[in-house]
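Each chain, written out:
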Amino acid sequence: MPSIDDTIVLSTATLSLSAKMATHNCNGNHSLSNPQDILKNQAEKWKISLTNEAFARKLDENDSLRHVRDEFLIPKIGDLPNVDKTRTDLNSECIYLCGHSLGLQSKRVRKAIEVWLEDWATLGVYGHVHGRIPFAKCDYLCVPTLKKLLGAEDKEVTVMNQLSSNIHFMMIPFYRPTKERFKILYEERAFPSDEYAFHSQIRLHGYDPIEASVPIKPREKETYIRIEDILKVLKEQGQSIALVFLGGVQYYTGQLFDMETITRAGQQQGCVVGWDLAHALGNIPLHLHDWNVDFGVFCSYKYLNAGAGCVGGIFVHTNHFDKNYPQLDGWWGNRYDTRFQMKPQIERDIGADGFRVSNPSIHQCAVLSASLEIFEEVGIEALREKSKLLTQYMEYLIETEINQSSSKYKIKFMTPLDPEQRGALLSLRIIGVDARQLFNELERQGVCLDVRADVIRIAAVPLYNSFMDVYRFVSLLKNVQI
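Anyway, here's the lowdown on the structure attached to this text. (Residues numbered from 1 in each chain as written. Predicted model: local features only at pLDDT ≥ 70, side-chain atom pairs only at ≥ 80, totals over all residues. Heavy atoms only, no water.)

## So, the overall build of the chain
Here is step 1: Scanning the chain for helices and strands turns up 16 helices and 13 strands.
Here is step 2: Relative to its length of 482 residues, the chain is compact, with a C-alpha radius of gyration of 24 Å against a globular reference of 23 Å.
Here is step 3: Projected onto its principal axes, the C-alpha coordinates of the chain cover approximately 70 × 60 × 55 Å.
Here is step 4: Restricting to contacts in the chain with at least 6 residues of sequence separation, those with at least 24 account for 70%.
Here is step 5: Element-wise, carbon and sulfur atoms account for 51% of the exposed surface of the chain, whose accessible area totals about 21,000 Å². (Helix = DSSP H or I, 4+ residues; strand = E, 2+ residues; numbered from the N terminus. Rg over C-alpha atoms; globule rule 2.2 N^0.38 Å. Contact = heavy atoms within 4.5 Å. Areas by Shrake-Rupley, 256 points an atom, 1.4 Å probe, with all protein chains shown as cover.)

Printed below as a string of structure tokens:
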């Protein structure tokens, strides 16, 4: 068996090898699969301190995915609205750590838009069938890669609407409360639009949101939810819960939930289990079919990089294909081969496609498909391995460079420190200085991030963020003047 030192651990092949070596170590030592151990091992091999800029540059040099950054348009500092133009190089690329809010534009997008614009201009209505991306089938182009990213089987995924509307569309068949079972379990501080949808659906069925809501929260003085607490609530209240609906990756804390375990526990209590995948899809590998997830909803403008407000989609497990649930119908839910026969009764398509209502937007699907091409080429597993290293590197530098007794402020991680319980997002609670002032100063120096009260959220996205982005960001944090 080769030594870990015989390989460059940042290549996809070596990361896989590192995991296998840890798994098969005859002494049962699993440490080599830990991102911090991988970083430490490389620092020792290169004889460079982890806190040295040279280490970040060496990581980027040996990153087998470094070329993918060139697929994206990184905003220049001089183009950003709140930059202090007297203190920065305006032609330099900004430090973009806001992919959890809006992913960057792929360079392939403009070509994809030009294609459908040209088809529309030259073909008119014939573009529905004869376009290079036929307008009437443009959503189908997105499905194969989405299937892989979601871990879905044939007909389980479709592209339609946007996230909040899809929550409503899915709650019509999957939230059917009874006198005995009418509650919805979700995480406290869920994305507000999710909670608005839950409460409005509860009222629509004639129940009181206060009585029908079961928001689960972290324990006192903790920042994220323990899975055992979710399982405990399900065991104690499961017979009254109609729907379990959580964010796969919690938007505020960045916590990655154990979707398989929670799904199984909920279904054992007779609950339907759905997931908001807005912060999970394109961020972590998913296996929704194998996990037996009932349904899921997603958007495409965060980690999928399809642009603000771009088309969303749904996942529906094959277990539900033969069920005659109540749902809202529209002509795009009709089978393709009879859709244009304009029959008075719908011939509903099989699976997720049968939930569609309106024809999809060619310009949105064209943009999404252009971005998905990159995921198809790179693979979510390779991205996940790089993501773990980026996030671990960020955590290590913050602990080493910021959270010291001499520092003028401290950072508390809201996000789990276990790499397996988080994705790319880190939520940082700022202690000792005003978070908004810190945020404003970082913006003035060309950093893109976001702030919620005393919490700054950052995401090093493996498609386009580098280890130098992480190093530069923490250097600014360390030397910021407030």
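Resuming the write-up.
## Some thoughts on the sheet that holds strand S13 (residues 455-459)
Here is step 1: With respect to topology, four strands assemble into an open sheet ordered S9-S10-S13-S12, the strand pairing being antiparallel. Lying at the two open borders of the sheet, with one neighbouring strand each, are strand S9 (410-413) and strand S12 (450-452). Here the strands of the sheet are splayed against their neighbours by 35° on average, with no regard to which way each runs.
Here is step 2: Of the strand pairs in this sheet, strand S10 (residues 425-431) and S13 are connected by five bridges, and their pairing is antiparallel. Bridge pairing in S13 places Arg-429 opposite Val-455. (Pairing = 2+ DSSP bridges. Axes fitted to C-alpha atoms, helices over the stretch in contact; angles between N-to-C directions.)

## Regarding the state of the cysteines
Here is step 1: Enumeration over the complete set of coordinates arrives at zero disulfides.
Here is step 2: There is no disulfide at Cys-94, and the cysteine sulfur nearest it, in Cys-448, is 3.9 Å away.
Here is step 3: Looking at the unpaired Cys-365, the closest cysteine sulfur is the one in Cys-138, lying at 3.8 Å.
Here is step 4: By relative accessible area, Cys-365 is classed as buried at 1%. (Disulfide = S-S within 2.5 Å. Buried < 20%, exposed > 50% of the residue type's maximum accessible area, 1.4 Å probe, protein only.)

## With respect to the sheet that holds strand S4 (residues 213-216)
Here is step 1: Within the open sheet, the seven strands sit side by side as S2-S8-S7-S6-S5-S3-S4. Their pairing is mixed. Because the sheet does not close on itself, it has two edges, and the strands there are strand S2 (157-159) and S4. Between one strand axis and the next, the sheet turns by 15° as a mean value, whatever way the strands run.
Here is step 2: Across the sheet, helix H8 (residues 192-204) touches strand S3 (183-187), S4, strand S5 (241-247) and strand S6 (272-276), and the angle it forms with S3 is around 175°.
Here is step 3: In this fold helix H10 (residues 227-237) packs onto S3, S4 and S5, with an angle of close to 155° to the strand it touches most, S4.

## Side note on the environment of Glu-401
Here is step 1: Structurally, the position occupied by Glu-401 is in helix H14 (residues 380-401).
Here is step 2: As a C-alpha pair, Glu-401 and Thr-51 span 350 residues in sequence and 8.0 Å in three-dimensional space.
Here is step 3: Non-local contacts of Glu-401, meaning those with residues more than four positions away in its chain, are made with Thr-51, Ser-407, Val-474 and Lys-478.

## A few points about the pattern of salt bridges
Here is step 1: Counted by the stated rule, this structure contains 35 salt bridges.
Here is step 2: Its salt-bridge partner being Lys-386, residue Asp-63 comes within 2.6 Å of it at the nearest N-O pair. Taken as a pair, Asp-63 in the loop between helix H3 (53-61) and strand S1 (95-96) and Lys-386 in helix H14 lie far apart in primary sequence, 323 residues in all. The residues Asp-63 and Lys-386 share a single accessibility class, namely buried.
Here is step 3: Arg-356 is the partner of Asp-353 in a salt bridge, and the nearest nitrogen-oxygen pair spans 3.9 Å.
Here is step 4: Each of Asp-139, Lys-155, Asp-349, Asp-353 and Arg-356 takes part in salt bridges that share partners, so that together they form one network. (Salt bridge = Lys/Arg side-chain N within 4 Å of Asp/Glu carboxyl O.)

## What about the nonpolar core?
Here is step 1: Counting 78 residues, the largest nonpolar core has Leu-146, Leu-150, Val-244, Trp-275, Leu-277, Leu-286 and Leu-463 as the members making the most contacts within it.
Here is step 2: Apart from the residues lying within four places of it in its own chain, the contact partners of Leu-150 are Val-157, Leu-277, Leu-281, Leu-286, His-287, Leu-288 and Phe-298. (Core = buried A, V, L, I, M, F, W, Y, C linked by side-chain atoms within 4.5 Å.)

## Things to note about the packing of helix H2 (residues 35-46) against H3
Here is step 1: For the pair H2 and H3, interaxial distance at closest approach is 11 Å and the crossing angle is 105°. Taken as axis vectors, H2 and H3 run roughly perpendicular relative to one another. Between H2 and H3, the contacting residues are Leu-39, Gln-42, Ala-43 and Trp-46 on the first element and Phe-55, Lys-58 and Leu-59 on the second.
Here is step 2: Along the lines of polarity and charge, the residues of the contact of H2 with H3 split into five nonpolar, one polar and one charged. (Parallel < 35°, antiparallel > 145°, perpendicular 65-115°, else oblique. Nonpolar A, V, L, I, M, F, W, Y, C, P; charged D, E, K, R; others polar.)

## Digging into the environment of Met-414
Here is step 1: As for its placement among the helices and strands, Met-414 is situated in the loop between S9 and S10.
Here is step 2: Every residue in contact with Met-414, bar those within four places of it in the chain, is listed here: Thr-223, Tyr-224, Tyr-252, Thr-253, Ser-427, Arg-429 and Val-455.

## Topic: unusual backbone geometry
Here is step 1: Positive phi is not limited to glycine here, since Asn-161 has a value of about 50°.
Here is step 2: With respect to the element layout, Asn-161 can be found in the loop between S2 and helix H7 (163-174).
Here is step 3: Looking at Asn-161, the relative accessible area reads 23%, which means it is partly exposed.
Here is step 4: Although it is not a glycine, Asn-305 adopts a positive phi angle of roughly 60°.

## Concerning the packing of aromatic side chains
In this description, a pair of aromatic rings is defined by centroid distance and the angle of the planes.
Here is step 1: One pass over the structure, following the stated rule, counts 18 aromatic pairs.
Here is step 2: A centroid spacing of 5.1 Å and a plane angle of 5° characterise the contact between Phe-182 and Tyr-207, whose relative ring orientation is stacked. Taken together, the residues span a long stretch of sequence, with Phe-182 in the loop between H7 and S3 and Tyr-207 in the loop between H8 and helix H9 (209-212) at a distance of 25 residues.
Here is step 3: In this structure Phe-182 comes out as buried when scored by relative accessible area, which is 15%.
Here is step 4: Accessibility expressed as a relative area gives 25% for Tyr-207, which makes it partly exposed.
Here is step 5: For the pair Tyr-186 and Phe-198, a centre-to-centre distance of 5.0 Å together with 45° between the ring planes defines the contact as tilted. (Phe/Tyr/Trp six-rings, centres within 6.5 Å; stacked < 30°, edge-to-face > 60°.)

## Description of the packing of H14 against helix H16 (residues 467-479)
Here is step 1: Two elements in contact, H14 and H16, have axes whose closest approach is 10 Å; the angle formed by their N-to-C orientations is 20°. As judged from the angle between their axes, H14 and H16 are roughly parallel. Where H14 crosses over H16, the two elements pack in a sense that is right-handed. Where H14 abuts H16, its residues Lys-386, Leu-389, Leu-390, Tyr-393, Met-394, Leu-397, Ile-398 and Glu-401 lie against Phe-467, Val-470, Tyr-471, Phe-473, Val-474, Leu-477 and Lys-478.
Here is step 2: Class assignment of the residues belonging to the contact of H14 with H16 gives a composition of twelve nonpolar, no polar and three charged. (Left-handed = near helix turned anticlockwise from the far one by under 90°.)

That is the geometry; function is a separate question.
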